[in-house]
Amino acid sequence: MSTAERVVRSARERFSSVLLLPVPQRVDDALLRPPTGPGEPLAPPPTGSGLLPVPGDNGLPLLGHTPRYIRYGSDFTRRRFDRFGPVSWMGVPGGKVAVVAGPQATREVLTNADKAFSQEAWRFMVDRFFHRGLMLLDFDEHKAHRRIMQEAFTSSRIARYVDETVPVVREIVPRWDTDRAVRLYPALKRLTLDVATRVFMDGRSGPEADRINTAFVNCVRAANAFVRWPVPGSRWSKGLAGRAVLEQWFHDNLPAKRAGNGDDLFSALCQAVTPDGERFSDADIVNHMIFLMMAAHDTSTTTAAAAAYHMARNPQWQERARAESLALGDAPPDVAALRGLRTLELVIKEALRINAPVPVVMRTAVRDTAVAGHYLPAGTRIIVAQAVNHFDRGCWTDPDRFDPERFAEDRREDRSDRDAWVPFGGGVHKCIGLHFGTLEVTAILHEMLRTYRWSVEPGYRLRWDNTSLPVPVGGIPVRFTPLTPAG
């Protein structure tokens, strides 16, 4: 097969991924309107099964509904839920996918009680760069790896990670520019990468850290590449090289980490042992470290950016949160202090509801099964549009409104259904680092509150590019004003 033929085949395979097809930022709103009529059912259910066929439609010729999702994200999946119900299918380049939304249907897939759904769809998209990360494992193997990894996320370990996070945040946040508008998302992305370097790799700095960070960023970018073949100079080629750099670095540093007693996550994975004596192999640690860097870095950035944006648009909430942060004084906050910032907790939860950092997850049916009474044949690729649950009017009051009080103890709308609020996923693959991630975001926002006031640029409205994980279009331009000594 010639190089040109390989590139063409790679592009065709790439089109079969529903989430990652690049399209222009500006797309006519007509794309969000449904076509005039539905298509055929996904597959006829077995005779006498009593199961329902899955309704749906193809969307645009060749491209299916991929441009609609990229442009409109959760607005698009919400409209499909309203139109078709909890289970539907839609056309994408290369075929069809089932879309599952709503608390009940989401719960059936994410709980996966009968092991009917695998992580194969995720593996297709990111395995070359995040090989055998925890999210990509299935069933008993996933359970075994998660049991070991939990030893790296105990309360005492998380407290140490927070103690390493706070000094990085306190060093970097006060350096942000106050003379001109700052693109908040890129600034936060650099910050969370610095935090990951400290917490995950024991504070490496200098040229070595720069080389590792560049390799990591190239892996993340490559996972979104259109041409999935190592064309010289391409994202894919740089990502493969970056993966090799990361593998070599972690392998080279493993012996010292196994022999030491460090507080960083790398050391924790090397030392993690279950009560039954289970531990990770060297290869396991390398794979998990590379994946955890990606998972923690991107989701924390998105959450902090969304929460900061909403506080810019709703200054009364910014001031309320600031009063609590200033009341803590100048001492570096520990876990208890960060968890005591109740207003920030409400704001972060509401930001996670409105702008879920992972609005969809993917699965593949490994055998014929059913969701919400609808028949799904083996081999069906499935998108679980979990962020749709965050706008279900059966669970939430006026769900399009920013209202952190909905999480206050006298309301607790998130308890209306156990899957009404699922920003960290659910079931066996629920995010293992959710507690540290929330504390990291709280520490960042706390330092911002005690250092600045900020406002969003006039006329800017938050819109997300959904080519992979959501990224805010325009980077969220804000202006920072330093606080006076009195606050």
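Residues numbered from 1 in each chain as written. Predicted model: local features only at pLDDT ≥ 70, side-chain atom pairs only at ≥ 80, totals over all residues. Heavy atoms only, no water.

**Observations concerning the overall build of the protein**
Definition in use: Each helix is a run of DSSP H or I of at least 4 residues and each strand a run of E of at least 2, with the numbering of both proceeding from the N terminus. Exposure categories follow from relative accessible area, calculated using a 1.4 Å probe and restricted to protein chains: below 20% of the type maximum is buried, above 50% is exposed, and the middle band is partly exposed. Between two residues, a contact is recorded if the distance between any of their heavy atoms is within 4.5 Å.
The helix and strand inventory of the protein stands at 16 helices and 13 strands. Overall size of the protein, expressed as C-alpha extent along the three principal axes, is 70 × 50 × 45 Å. Residues classed as buried in the protein amount to 55% of the 487 residues present. In the protein, the share of contacts with a sequence separation of at least 24, taken over all contacts with a separation of at least 6, comes to 73%.

**So, the sheet that holds strand β13 (residues 477–482)**
The condition that has to hold: Note on pairing: DSSP must find at least two bridges between two strands before they are called paired.
Taking strand neighbours across the sheet as the criterion, the three strands line up as β5-β13-β10 in an open arrangement whose pairing is antiparallel. In the strand order of this sheet, the two ends are held by β5 (182–183) and β10 (452–456), each with one partner. As judged from the five bridges shared by β10 and β13, these two strands associate in the antiparallel manner. Bridge pairing links Val-456 to Val-478 in β13.

**Things to note about unusual backbone geometry**
Although it is not a glycine, Lys-115 adopts a positive phi angle of roughly 55 degrees. Along the polypeptide, Lys-115 turns up in the loop between α4 (103–111) and β4 (117–118). Classification of Lys-115 by relative accessible area gives partly exposed; the value is 37%. Even without a glycine there, the phi angle at Arg-132 is positive, about 55 degrees. Mapped onto the elements, Arg-132 comes out in the loop between α5 (120–126) and α6 (139–149).

**Things to note about the nonpolar core**
So the rule is basically this: Residues belong to one nonpolar core when they are buried, are Ala, Val, Leu, Ile, Met, Phe, Trp, Tyr or Cys, and are joined through side-chain atoms within 4.5 Å.
In this structure, Phe-130, Trp-176, Leu-191, Phe-250, Leu-265 and Met-448 are the most contacted members of the largest nonpolar core, which totals 135 residues. Here the element with the most residues in this core is helix α12 (residues 282–313); it accounts for 16 residues. Leaving out residues up to four positions away in the same chain, Leu-191 has contacts with Val-168, Val-169, Ile-172, Val-173, Trp-176 and Ile-444.

**Points about the state of the cysteines**
Defined simply, a disulfide is a covalent bond joining two cysteines at their sulfur atoms. Where we set the bar: Only a pair of cysteine sulfur atoms within 2.5 Å counts as a disulfide in this structure description.
Applying the stated criterion across every chain yields a total of zero disulfides. Not engaged in a disulfide, the cysteine Cys-219 finds its nearest cysteine sulfur in Cys-270; these two sulfurs lie 19 Å apart.

**What about the pattern of salt bridges?**
What counts, and what does not: Salt bridge, as used here, is a side-chain nitrogen of Lys or Arg placed within 4 Å of a carboxyl oxygen of Asp or Glu.
A full pass over the atoms with the stated rule returns 39 salt bridges. Among the salt bridges present, the one from Lys-115 reaches Asp-140, with a minimum N-O distance of 3.0 Å. Here the residue Lys-115 occupies a position in the loop between α4 and β4, and Asp-140 occupies one in helix α6, the gap between them amounting to 25 residues. In this structure Asp-140 comes out as exposed when scored by relative accessible area, which is 54%. Of the charged contacts, one joins Arg-418 and Asp-419 as a salt bridge, the two residues approaching to 3.6 Å between their closest N and O atoms. A residue is classified by how much of its surface remains accessible, and Asp-419, at 8% relative accessible area, is buried. By sharing partners, the salt bridges in this structure join Glu-350, Arg-353, Asp-398, Arg-401, Asp-403, Arg-406, Arg-411 and Glu-413 into a single network.

**Side note on the sheet that holds strand β9 (residues 381–384)**
The six strands are arranged β1-β2-β3-β9-β6-β4 in an open sheet whose pairing can be described as mixed. Single-partner strands in this sheet number two, and they are β1 (56–57) and β4.

**A look at the environment of Val-245**
Mapping Val-245 onto the fold places it in helix α10 (residues 235–259). Expressed as a C-alpha distance, the spacing of Val-245 and Phe-216, which sit 29 residues apart in the sequence, is 8.8 Å.

**Observations concerning α12**
Filter applied, for reference: By this rule the span expected of a helix is its residue count minus one, scaled by 1.5 Å.
Here α12 is 32 residues long and its end C-alpha atoms lie 47 Å apart, about the 46 Å a rise of 1.5 Å per residue gives. Counting buried positions over the 32 residues of α12 gives 26, a clear majority of the element.

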